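Coordinate inspection notes
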Amino acid sequence: MPKKPITFVLNGAERAAFADPGQNLLDFLRRGVGDLTPKYGCGQGGCGACTVLLDGEPVLACLTLAEAVEGRRVDTVAGLGGPAPHPLQEAFMAHFAAQCGYCTPGMLMSAKALLDRNPRPTREEVIEAISGNLCRCTGYEPIIAAILSAAASGARP
Amino acid sequence: MALHRGRGFAAVNYPIGMNLGGDPSQALVHANPDGKFTVTLSSIDLGQGMKSVVRQIAAETLGVPVEDVYVDTADSDTGPHCMGSFASRGTHRVGNAVIQAAQEARAILLEAAAEELEVDAADLVTDGEGNIHVRGTPARTITVMAAAQAAQFRQGRTIAGRGIFLIPLSDVDPETGEMTPVSCFAHAAMLVEVEVDDETGEVRVLDMKSAYEVGRALNPKLVEQQLRGGAWMGMSHALWETTEPCYPDRSHRPVDFTHYLMPGPGDLAPHHISILERPAPDGPYGGKGPGEMCANPVLPAVVNAIYDAVGVRIDELPATPEKILRALKAQGGARPKRRL
């Protein structure tokens, strides 16, 4: 089966790369495009480590076909922040919300999707937003605190 | 059918490190020509903060800013030997080795500075900000960088240090059975409140109150985070995580995160933590290790709370709904120990 050219917008810049038929978005981003920020955890939608935004909505890259992003916008942690870290990244650091750090990219993208549509979420809404993201180290509490703190700071680049 | 509340308590006495054939860790410290220091280890930082704590310990001992210390870990080809990051031993064993290595390096640093300043090295002190000066005479000063460069390019001197910390093998006394496998204990106590549903067998942890005695909390935020995340893992071990049962056979065992269950962010219980600091005499700057003992007391506390709530003793972990329902059936229903 021939490879298929995919043109899409990754973190604000147009990109084009070839995808294998049936290749999932996570594999396409990591190996085809070279963006290593989405992480491979379980490969079947159980852990949320590969969460990226597709037209602003959080999706599990491992369960999304690469071909589905043709002409669409994909955002990953690689596009968060500029010269300075994104307010969410600052808050994650300030609240010690990462230990091993493997879940962090997915957590950040789930949190960004939440704050983009709901800038002042309640604790329950934060919990709901990250309920598809597993973390082994932190006990979640620092992550929840970081997201609430980023929301309270109001900064939104 | 009802929800029953119960409280359970547990306390643990946690030995820091292991002692199978002796428990050593080594460290090497050397200065670079820019006056910054590298600590070389084979010890692994797997997210618990080994690099941060070792960096603090090295900076404190060398007398230089923490920013001027780089910790290079986890290459057993290039680093000195370490038993590993387990048994809560990292801070205690590796920290002590780093102190010894840094002391040796510091002594040579001061000798190099003394030669430049034409004074006795015993009269020199560091200010922790990258300067060395004569005690009581701050004007007689040289930067750590200048001293390191003098050692490197003029004196031909290596500013380096070796460190090892060893808890030797402790044999069992054949007469008394006595042995001293470890030198340092951390302590924890925990009170857990649970709610048990006698219809579904589900247990919800409502509240955790704990006191952890960790020696000196060398990095208080890291310690608190380890305790918080570790207690969550203890709760997970107590009530969720298992590769059993495997109906109808082992080939059906959980193989992924959709079957191997862990509590999610919606299953959290408030955890009120008290950190008690009783510096350990043989710990690096008094530190012990909060590593594993943060998870340990949760397991017995939870099963004690279940017993308090419905009167059944779960003696095999985790306390899954199935085990609780079977125990309740065998007992003929819930028998709360007391009304909360």
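Criteria and cut-off values
- Residues numbered from 1 in each chain as written.
- Chains lettered and ligands numbered in written order.
- Predicted model: local features only at pLDDT ≥ 70, side-chain atom pairs only at ≥ 80, totals over all residues.
- Heavy atoms only, no water.
- Helix = DSSP H or I, 4+ residues; strand = E, 2+ residues; numbered from the N terminus.
- Rg over C-alpha atoms; globule rule 2.2 N^0.38 Å.
- Buried < 20%, exposed > 50% of the residue type's maximum accessible area, 1.4 Å probe, protein only.
- Domains from an automatic or database assignment.
- Contact = heavy atoms within 4.5 Å.
- Buried area = accessible area lost by both parts, 1.4 Å probe.
- Salt bridge = Lys/Arg side-chain N within 4 Å of Asp/Glu carboxyl O.
- Polar contact = N/O pair within 3.5 Å; in protein donor to acceptor, adjacent residues only side chain to side chain.
- Nonpolar A, V, L, I, M, F, W, Y, C, P; charged D, E, K, R; others polar.
- Pairing = 2+ DSSP bridges.
- Axes fitted to C-alpha atoms, helices over the stretch in contact; angles between N-to-C directions.
- Core = buried A, V, L, I, M, F, W, Y, C linked by side-chain atoms within 4.5 Å.

As for the overall build of chain B
Across its full length, chain B carries six helices and eleven strands. Relative to the compact-globule value of 20 Å for 340 residues, chain B shows a C-alpha radius of gyration of 26 Å, a clear excess of over 25%. Here the C-alpha coordinates of chain B stretch approximately 85 × 45 × 40 Å along the principal axes. In chain B, which comprises 340 residues, the share counted as buried stands at 51%.

Observations concerning the domain arrangement of chain A
All names here are of chain A. Splitting chain A by domain gives domain 1 (4-79) and domain 2 (87-153). Centre-to-centre separation of domain 1 and domain 2, based on C-alpha positions: 21 Å. With 16 residues of domain 1 at the interface, the matching set in domain 2 holds 13 residues. Summed over both sides, the interface of domain 1 with domain 2 buries roughly 1100 Å², with 65% coming from carbon and sulfur. Three residues stand out in domain 1 for area buried against domain 2, namely Thr51, Leu53 and Val77, and they jointly supply 39% of the buried area on that side. Taken together, the links from domain 1 to domain 2 amount to zero salt bridges. Taken together, domain 1 and domain 2 are joined by three residue pairs in polar contact (both at pLDDT 80 or more). Considering only residue class, the side of domain 1 that touches domain 2 consists of seven nonpolar, seven polar and two charged.

Brief notes about the side chain of Gln99 of chain A
Relative to the elements of secondary structure, Gln99 of chain A occurs in the loop between α2 (87-94) and α3 (104-117). Looking at Gln99 of chain A, the relative accessible area reads 19%, which means it is buried. Polar side-chain contacts of Gln99 of chain A include one of 3.5 Å to the backbone oxygen of Gln225 of chain B. Sequence-distant contacts of Gln99 of chain A, that is, excluding residues within four places in its chain, are made with Cys137 and Thr138 of chain A together with Gly47, Gln225 and Gln226 of chain B.

Section: the interface of chain A and chain B
Each side of the interface is counted separately: chain A has 22 residues, and chain B has 24 residues. Of the roughly 1800 Å² buried at the junction of chain A and chain B (both faces included), carbon and sulfur atoms supply 65%. The largest share of the area that chain A buries against chain B comes from Phe96, Gln99 and Arg136 of chain A, three residues that together contribute 37% of it. Scanning the region where chain A abuts chain B turns up one salt bridge. In this structure, the salt-bridge partner of Arg136 of chain A is Glu241 of chain B, at a minimum N-O distance of 2.5 Å. Those elements that place two or more of their residues in the side of chain A that touches chain B are α4 (123-129) and α5 (141-153) of chain A.

Some details on the sheet that holds strand β8 (residues 160-167) of chain B
All names here are of chain B. An order of β4-β3-β2-β8 is seen for the four strands of this open sheet, with the pairing classed as mixed. Of all strands in the sheet, those with a lone pairing partner are β4 (69-72) and β8, marking the two edges. Neighbour to neighbour, the strand axes of the sheet diverge by 20° on average, direction disregarded. As paired elements, strand β2 (residues 23-31) and β8 share eight bridges and run antiparallel to each other. Following the sheet pairing, Ser25 is matched in β8 by Phe165. Contacts from helix α2 (residues 90-117) reach β2, β3 (37-40) and β8, with the element oriented near 150° to β8.

A closer look at unusual backbone geometry
Phi is mostly negative for residues that are not glycine, and the peptide bonds are mostly trans. Following Leu317 of chain B, the chain continues to Pro318 of chain B via a peptide bond in cis, the omega torsion being -5°. Relative to the assigned elements, Pro318 of chain B resides in the loop between α5 (298-310) and α6 (321-331). Its identity as a non-glycine residue notwithstanding, Phe96 of chain A has a phi of 55°, on the positive side. In this fold, Phe96 of chain A is placed in the loop between α2 and α3.

Focus on the nonpolar core
One broad rule of soluble globular proteins: the nonpolar side chains tend to lie buried together. Among the nonpolar cores identified, the biggest contains 77 residues, and Ile147 of chain A together with Ile306 of chain B are the most heavily contacted of them. Take this core: its biggest share by element is nine residues, from α5 of chain B. Contact partners of Ile147 of chain A, with chain neighbours within four places excluded, come to Leu88, Phe92, Ala111, Leu114, Leu115, Val126 and Ile130 of chain A. With 44 residues, the next largest nonpolar core counts Phe37, Val98, Leu109 and Phe165 of chain B among its residues.

Focus: the domain arrangement of chain B
Residues and elements named next belong to chain B. Partitioning chain B into structural domains gives domain 1 (3-16 + 183-331) and domain 2 (23-167). Each of domain 1 and domain 2 was reduced to a C-alpha centroid, and the two centroids are 38 Å apart. Roughly 1300 Å² of surface becomes buried between domain 1 and domain 2 when both sides are summed, with 57% attributable to carbon and sulfur atoms. Considering only the side of domain 1, the residues that lose the most area to domain 2 are Ile16, Pro284 and Tyr285, jointly responsible for 40% of the buried surface there.

Some words on the pairing of strand β4 (residues 57-60) of chain A
All names here are of chain A. The pairing of strand β3 (residues 51-54) with β4 spans four bridges and is classified as antiparallel. What sits directly across from Leu54, in β4, is Glu57. Connecting β3 to the antiparallel partner β4 that follows it, the hairpin turn spans two residues, and Asp55 within it adopts a positive phi of roughly 50°.

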